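Given next are the chains, with one letter for each unit.
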Amino acid sequence: AANDIDTQANFLNCFLEATGGSSSSPSMIYTPNDTSNFATLYRSSIQNLRFLSSGAETPSFLILPSVAHDAQAAVLCGRIHGVRLRVRSGGHDYEGLSYVSFTSTDEPFAVLDLSGLRSIEVDAADHTAWVGAGATLGEVYYNVAAASPTDGFPAGICSTVGVGGHMSGGGFGSLLRKYGLAADNVVDVRMVNAEGELLTRETMGEDLFWAIRGGGAANFGIVVAYKLRLVPVPPKLTVFSVSRTLGQGATRLLHSWQSIAPWLADDLWIRSSVIAIGEAPVNRTIQATFQGLFLGPLGATLAAINMSFPELGVRAEDCNELSWVESTLYFGGHALNNTRALLNRRPAFNSSFKGKSDFVREPISEKAWEGIWKVMMEGEEEPLEMIFEPWGGRLWEIEDDAIAFPHRKGNLYNIQYFMRWFETQTEMTERHLTWMRRLYEEMTPHVSSNPRAAYLNYKDIDLGSSTEEGRTNYTEASAWGRRYFLSNFEKLAKVKARVDPENYFWNEQGIPPFAA
Ligand code: FDA
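Residues numbered from 1 in each chain as written. Predicted model: local features only at pLDDT ≥ 70, side-chain atom pairs only at ≥ 80, totals over all residues. Heavy atoms only, no water.

Some points on the overall build of the protein chain
Helices and strands together make up the secondary structure of the protein chain, namely 16 helices and 18 strands. Across its three principal directions, the C-alpha atoms of the protein chain cover 65 × 55 × 50 Å. Sorting the 516 residues of the protein chain into buried and exposed places 59% on the buried side. Look at the contacts in the protein chain between residues 6 or more apart in sequence, and 75% of them connect residues 24 or more apart. Positive and negative side-chain charges of the protein chain, numbering 44 and 59 respectively, have mean locations separated by a distance of 3 Å. (Helix = DSSP H or I, 4+ residues; strand = E, 2+ residues; numbered from the N terminus. Buried < 20%, exposed > 50% of the residue type's maximum accessible area, 1.4 Å probe, protein only. Contact = heavy atoms within 4.5 Å. Lys, Arg positive; Asp, Glu negative; His and termini not counted. Charge placed at Lys NZ, Arg CZ, Asp CG, Glu CD.)

Set out below in structure tokens:
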């Protein structure tokens, strides 16, 4: 522990010196002793409260850079003094790996919180935007729409998700079928590497730029900003939502959806989700919800649905004609008349959650769905939700190795298993996790296999992890690496060997250097 205290003092002095601060006026570095600021700032964007009471290690420093140079100083001092960094942008990491550590050693680490680096500069004439990594998706949507009403950007549904993690893991939402992932539309980057250098696409080399689009930037450095290619959106889009219970034919509809949604015109996106509702045993049922977006006015929307998926029975009163930015409010669960809600960075829930993911390559039979419903109806408390995201369109046109995100043609849809709960007792948490794992088990015969693929942005520690700080080997990391990155895993490990051979940017589910 004495050693720890020295390490901490040395790191602090190094950082203050490199950034021109002094310990009497720490402008951007906080320690847990600083009780007035540390806890509030540390908790400010934590989405998953489960990790505050899990016994995980918390940081010895919280650093809030205001310029890229501060991030460079953190890396240089961290390397000299043996302090690792966890980089946090929006704090939505499913396993809390942007702000806690599960290592058994108690080596100090620092959280580098990029929420201060969130400027957004839209170039409407060029249809591009430079976006600070600490911005949220809501801030991006708000600023893009304000600067250029005919431009949009294809990224996730929840407005508080951070740009930093989201774009480097893939990133998808309602424009996914038309324009692909957020990562497919990143055209340049400013990033600090393990040498503390500030690089751009031109100076980092194409293989590193390839790796951080889908491979998780946390393995390679600190993204300070991304340059995004904006995409055209019409003045009027149409959104809709319809729900059906088992008694109203939900199973049949979902069964049809699997063979329709991935092949719809690119302008039409229909996702679905299921939850168990009602009191057991008599009123317990499954409710399937179909939410959609069409890039055009109401009349054309109804015509498109009636042609391709008439049994869904969407009526004019289920629809809403909106601007693109209003559609982001709609899917994000905000009131439609308050665009400024997109600027609210506070987590919408004070809760714990768990997610897992799968990819489906063959339609699941109606009989199999009935077995799945049984598991979903077992629990009586917070609903376990399954969200089905249709593939097809632009996603199928892009090659598996175009960027590090590999899940393309051959997939019909992505499944997210998601559950949120509000109790903090360990037994409750365990009960919820067990239930979700049982459902995941039940799904085994119906989803991708060898490897069973998973989506990095729905990070799942059940796939495996290493707690030996800095020492994950390639074979060990294949347990999760092959599932997140399929055949791109090997190239990712080779890029890692070139840019961070000592594995400074280590985490429990990281990509280790592989030099062969
Ligand atoms: P956070 O800051 O926790 O970082 C996540 C990971 O990225 C960590 O490993 C972190 O170290 C690393 N990282 C963050 N910033 C970095 C930077 N600047 N440089 C290098 N590494 C960095 N996904 C999706 O595709 N579509 C969706 O609609 C949604 N919706 C959604 C809703 C809710 C409520 C949650 C909690 C999550 C989602 N997601 C999602 C998943 C989301 O895309 C995923 O959790 C992202 O990694 C979150 O990025 P943040 O920056 O917010 O997280």
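Looking at the packing of helix α12 (residues 366-378) against helix α14 (residues 426-442)
The interhelical angle for the contact between α12 and α14, taken along N-to-C directions, is 180°, at an axis separation of 10 Å. Classified by the angle between their axes, α12 and α14 sit roughly antiparallel to one another. On α14, the residues touching G371, I372, V375, M376 and E378 of α12 are W435, R438, L439 and E442. Residue classes in the contact of α12 with α14 are distributed as five nonpolar, one polar and three charged. (Axes fitted to C-alpha atoms, helices over the stretch in contact; angles between N-to-C directions. Parallel < 35°, antiparallel > 145°, perpendicular 65-115°, else oblique. Nonpolar A, V, L, I, M, F, W, Y, C, P; charged D, E, K, R; others polar.)

Some thoughts on the sheet that holds strand β10 (residues 222-229)
The strands that make up a sheet pair up through hydrogen bonds in the backbone, lying either parallel or antiparallel. Spatial strand order, β5-β6-β10-β8-β9: five strands in an open sheet with antiparallel pairing. Single-partner strands in this sheet number two, and they are β5 (120-123) and β9 (198-200). Each strand of the sheet is rotated relative to its neighbour by a mean of 15°, with strand direction disregarded. Sheet topology places β5 next to strand β6 (residues 128-132); four bridges connect them, and they run antiparallel. What sits directly across from E121, in β6, is W130. (Pairing = 2+ DSSP bridges.)

Some thoughts on the nonpolar core
Within the largest apolar cluster, 154 residues are counted, with the highest numbers of intra-cluster contacts made by F220 and M386. Of all hydrophobic cores here, the second largest spans 13 residues; its members include Y30, Y42, L49 and L62. (Core = buried A, V, L, I, M, F, W, Y, C linked by side-chain atoms within 4.5 Å.)

Digging into the packing of aromatic side chains
In the structure shown here, the tally under the stated rule is 30 aromatic pairs. An angle of 20° between the planes, with centres 6.5 Å apart, marks the rings of F11 and F15 as stacked. One end of the pair is F11 and the other is F15, both in helix α1 (residues 2-19) and four residues apart, which spans about a single turn. Of the two residues, F11 and F15, both sit in the buried class. (Phe/Tyr/Trp six-rings, centres within 6.5 Å; stacked < 30°, edge-to-face > 60°.)

Topic: the environment of I46
Of note, I46 is situated in the loop between α2 (38-43) and β2 (61-63). Among the residues examined, I46 registers a relative accessible area of 3% and is labelled buried. C-alpha separation for the pair I46 and N350, spaced 304 residues apart in sequence, amounts to 9.0 Å. Residues contacting I46, with those up to four places away along its chain left out, are L52, R88, G91, Y99 and P347.

Side note on the site of the ligand
Residues in close proximity to the ligand total 31 residues, the closest being V87, S89, S98, G162 and Y455. Separating an oxygen atom of the ligand from a backbone N or O atom of S89 is a distance of 2.7 Å. Contacts to the ligand include A218, whose backbone N or O atom sits 3.3 Å from a nitrogen atom. In the complex, 93% of the free accessible area of the ligand, which totals 950 Å², lies under the protein chains. Those elements that place two or more of their residues in the shell around the ligand are β3 (84-88), α5 (163-169) and β10. A total of three residues in the shell around the ligand trace back to one element, the largest contributor, which is α5. Residues of the shell around the ligand, tallied by class, amount to 15 nonpolar, 13 polar and three charged. (Near = heavy atom within 4 Å. Polar contact = N/O pair within 3.5 Å; in protein donor to acceptor, adjacent residues only side chain to side chain. Areas by Shrake-Rupley, 256 points an atom, 1.4 Å probe, with all protein chains shown as cover.)

Concerning the sheet that holds β3
Judged by pairing direction, the sheet is mixed, and its four strands sit side by side in the order β1-β2-β4-β3 without closing on themselves. Every other strand in the sheet has two partners, leaving β1 (29-30) and β3 as the edge strands with one partner each. Taken together, the two bridges between β1 and β2 define a ladder with antiparallel strand orientation. Residue I29 lies in a different strand from β2, and its bridge partner there is I63.

Here's the deal with the state of the cysteines
Scanning the model with the defined rule gives one disulfide in all. Residue pairing for C14: its cysteine sulfur links by disulfide to C77, the two sulfurs lying 2.1 Å apart. Around the S-S axis, the bridge from C14 to C77 shows a dihedral of about -80° and counts as left-handed. Placement of the pair is C14 in helix α1 and C77 in helix α3 (residues 68-81), with a sequence separation of 63 residues. By relative accessible area, which is 17% here, C14 ends up buried. (Disulfide = S-S within 2.5 Å.)

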